[in-house]
Amino acid sequence: MDKSLPVYRVVAAGRGWDWIVQGFELFKRNPGIWVAITVIWILLNMAASITGAGALAAPLFAPVLLGGMLIGCARLVRDQELEINHLFAGFKQPFLPLLGVGVGLLIAQWAVALIAGMLALMLGAGTFLSGATLSGSASETAIAASVLAGLGISILVVVMVALLLYGVVLMAFTFAPALAVLGNVAPIAAIQSSFKAAWANWRPLTIAGLIALPLCIIAAIPLMLGYLVLIPVLIGASYAAYRDIYPDLPEQLAEDTP
């Protein structure tokens, strides 16, 4: 383990379930404020999606907003009050580390999109070229079937590669916001440590993801209203996972500083 990075530990696979339970416990401590925070967060994302600039900026500020909600989780664990303005607490100290994580997330997402797009163009061009070579020796029906089959395989390959790359991005940013806002870790080190810790703890993270997947489906049934509960629960679960995997990293909130 790189001694220059925060020390993490590897936990049992069953801890993934425990994180979800702890997330629900944090939600129950102040459900009204959590729902209000979630509504505001959803509205902000909807407003950002209206314009192209807002959609591009969303990944940049996503860790900042998440960092504020993680501060709220830390306050609840300390038996302190959760407030609506905790959603924006990340814009205060330490704003720059969270923004740095956001810059990294934005670059990573652009890189995945660029690689997937280039791969799609290469495979698509190859498919049409192979179809063109058959033009003199096969019927139009056979050529069309060959091109369609090739495009289908190309799309499948692009989707699989994009999912693989996005999985790497997800691991790199699973704990990065928490490390930046609660652990006072520099952005690059936070991203590196997050990837290493997530890779080492893929079992409990996979269990947590498998539990969250059906919950997402259930939450969508009553007009998506279930997400007003599920989103805070998952945020609380991410905080619980962070504290479980980085138990020895000192946690200091901005308001702790005189």
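### Remarks on the overall build of the protein
Argument step 1. Across its full length, the protein carries 9 helices and 0 strands.
Argument step 2. Counting from the amino terminus, the protein carries its helices and strands in the arrangement α-α-α-α-α-α-α-α-α.
Argument step 3. Across the 258 residues that make up the protein, the buried fraction comes to 39%.

### As for the layout of surface pockets
Argument step 1. One number sums up the size of the largest pocket: a volume of about 1400 Å³.
Argument step 2. What lines the largest pocket is a set of 39 residues, among which Leu 66, Leu 170, Phe 173, Thr 174 and Ser 238 lie closest to the centre.
Argument step 3. Of all the secondary structure elements, the ones that give two or more residues to the lining of the largest pocket are α1 (15-29), α3 (52-77), α4 (95-133), α5 (140-173), α6 (176-181), α7 (187-200), α8 (202-220) and α9 (227-245).
Argument step 4. When its residues are assigned to classes, the lining of the largest pocket shows 33 nonpolar, 6 polar and no charged.
Argument step 5. The volume enclosed by the second largest pocket comes to roughly 180 Å³.
Argument step 6. Taken together, 12 residues form the lining of the second largest pocket, with Leu 44, Ala 48, Ala 58, Phe 61 and Leu 65 sitting closest to its centre.
Argument step 7. Taken together, the elements giving at least two residues each to the lining of the second largest pocket come down to α2 (31-50) and α3.
Argument step 8. With 6 residues, the single largest contributor to the lining of the second largest pocket is α3.
Argument step 9. Taken together, the residues that form the lining of the second largest pocket break down as 10 nonpolar, 2 polar and no charged.

### Examining the nonpolar core
Argument step 1. Counting 56 residues, the largest nonpolar core has Trp 34, Phe 173, Phe 175, Leu 182 and Tyr 246 as the members making the most contacts within it.
Argument step 2. No other element matches the 9 residues that α9 contributes to this core.
Argument step 3. In contact with Trp 34, not counting residues within four places along its chain, are Leu 26, Phe 27, Met 69, Cys 73, Leu 76, Leu 82, Pro 232 and Ile 235.

### Structural notes on a nonpolar patch on the surface
Argument step 1. A cluster of nonpolar side chains, namely Trp 17, Val 21, Ile 207 and Leu 210, defines an oily patch on the protein surface of about 370 Å² accessible area.
Argument step 2. Where the nonpolar patch is concerned, the elements lending two or more residues are α1 and α8.
Argument step 3. Checked against the element boundaries, Leu 210 lands in helix α8.

### Examining the packing of aromatic side chains
Argument step 1. Tallying each qualifying case throughout the model produces 7 aromatic pairs.
Argument step 2. A connected cluster of aromatic rings, assembled from ring pairs, spans Tyr 8, Phe 175, Tyr 242 and Tyr 246.

### Remarks on the side chain of Asn 30
Argument step 1. Mapped onto the secondary structure, Asn 30 falls in the loop between α1 and α2.
Argument step 2. For Asn 30, a relative accessible area of 17% gives the class buried.
Argument step 3. Ignoring anything within four residues of it in the chain, the contact list for Asn 30 reads Glu 81 and Leu 82.

### Re the pattern of salt bridges
Where side chains of opposite charge bring their charged atoms close, a pairing between them can arise.
Argument step 1. Scanning the entire structure with this criterion turns up 6 salt bridges.
Argument step 2. The partner of Asp 18 in a salt bridge is Arg 15, with the nearest N and O atoms 2.8 Å apart. Of this pair, Asp 18 and Arg 15 both sit in helix α1, 3 residues apart, roughly one helical turn.
Argument step 3. Look at Arg 15 and you get partly exposed, because its relative accessible area is 25%.
Argument step 4. One salt bridge in this structure joins Glu 25 and Lys 28, with 3.3 Å as the shortest N-O distance. Of the two residues, Glu 25 and Lys 28 are both situated in helix α1; the distance of 3 residues between them amounts to about one turn of the helix.

### Remarks on the environment of Trp 17
Argument step 1. Within the secondary structure, Trp 17 is located in helix α1.
Argument step 2. A residue is classified by how much of its surface remains accessible, and Trp 17, at 49% relative accessible area, is partly exposed.
Argument step 3. The spacing of Trp 17 and Gly 209 is 192 residues in sequence and 9.4 Å in space, taken between C-alpha atoms.
Argument step 4. If near-sequence neighbours (up to four positions away) are discounted, Trp 17 is found in contact with Ile 207 and Ile 211.

### Quick look at the side chain of Ser 194
Argument step 1. Examined against the element boundaries, Ser 194 turns out to sit in helix α7.
Argument step 2. Residue Ser 194 is classed as buried on the basis of its relative accessible area, which comes to 0%.
Argument step 3. In terms of polar contacts, Ser 194 uses its side chain to reach the backbone amide nitrogen of Phe 175, at 2.8 Å.
Argument step 4. In this structure, Ser 194 is in contact with Met 171, Ala 172, Phe 173, Thr 174, Phe 175, Ala 176, Leu 179 and Tyr 246, ignoring residues within four places of it in sequence.

What counts, and where the lines are drawn
- Residues numbered from 1 in each chain as written.
- Predicted model: local features only at pLDDT ≥ 70, side-chain atom pairs only at ≥ 80, totals over all residues.
- Heavy atoms only, no water.
- Helix = DSSP H or I, 4+ residues; strand = E, 2+ residues; numbered from the N terminus.
- Buried < 20%, exposed > 50% of the residue type's maximum accessible area, 1.4 Å probe, protein only.
- 1 Å grid on protein atoms, 1.4 Å probe; cavity = no way out; pocket = protein on both sides within 12 Å on 5 of 7 lines; lining within 4 Å.
- Points joined across faces, edges and corners; volume = space filled by probe spheres on them.
- Nonpolar A, V, L, I, M, F, W, Y, C, P; charged D, E, K, R; others polar.
- Core = buried A, V, L, I, M, F, W, Y, C linked by side-chain atoms within 4.5 Å.
- Contact = heavy atoms within 4.5 Å.
- Patch = residues over 30% accessible without salt bridge, like charges linked within 9 Å, V, L, I, M, F, W, Y side chains within 5 Å.
- Areas by Shrake-Rupley, 256 points an atom, 1.4 Å probe, with all protein chains shown as cover.
- Salt bridge = Lys/Arg side-chain N within 4 Å of Asp/Glu carboxyl O.
- Phe/Tyr/Trp six-rings, centres within 6.5 Å; stacked < 30°, edge-to-face > 60°.
- Polar contact = N/O pair within 3.5 Å; in protein donor to acceptor, adjacent residues only side chain to side chain.

Keep in mind that these numbers describe shape and distance, not what the molecule does.
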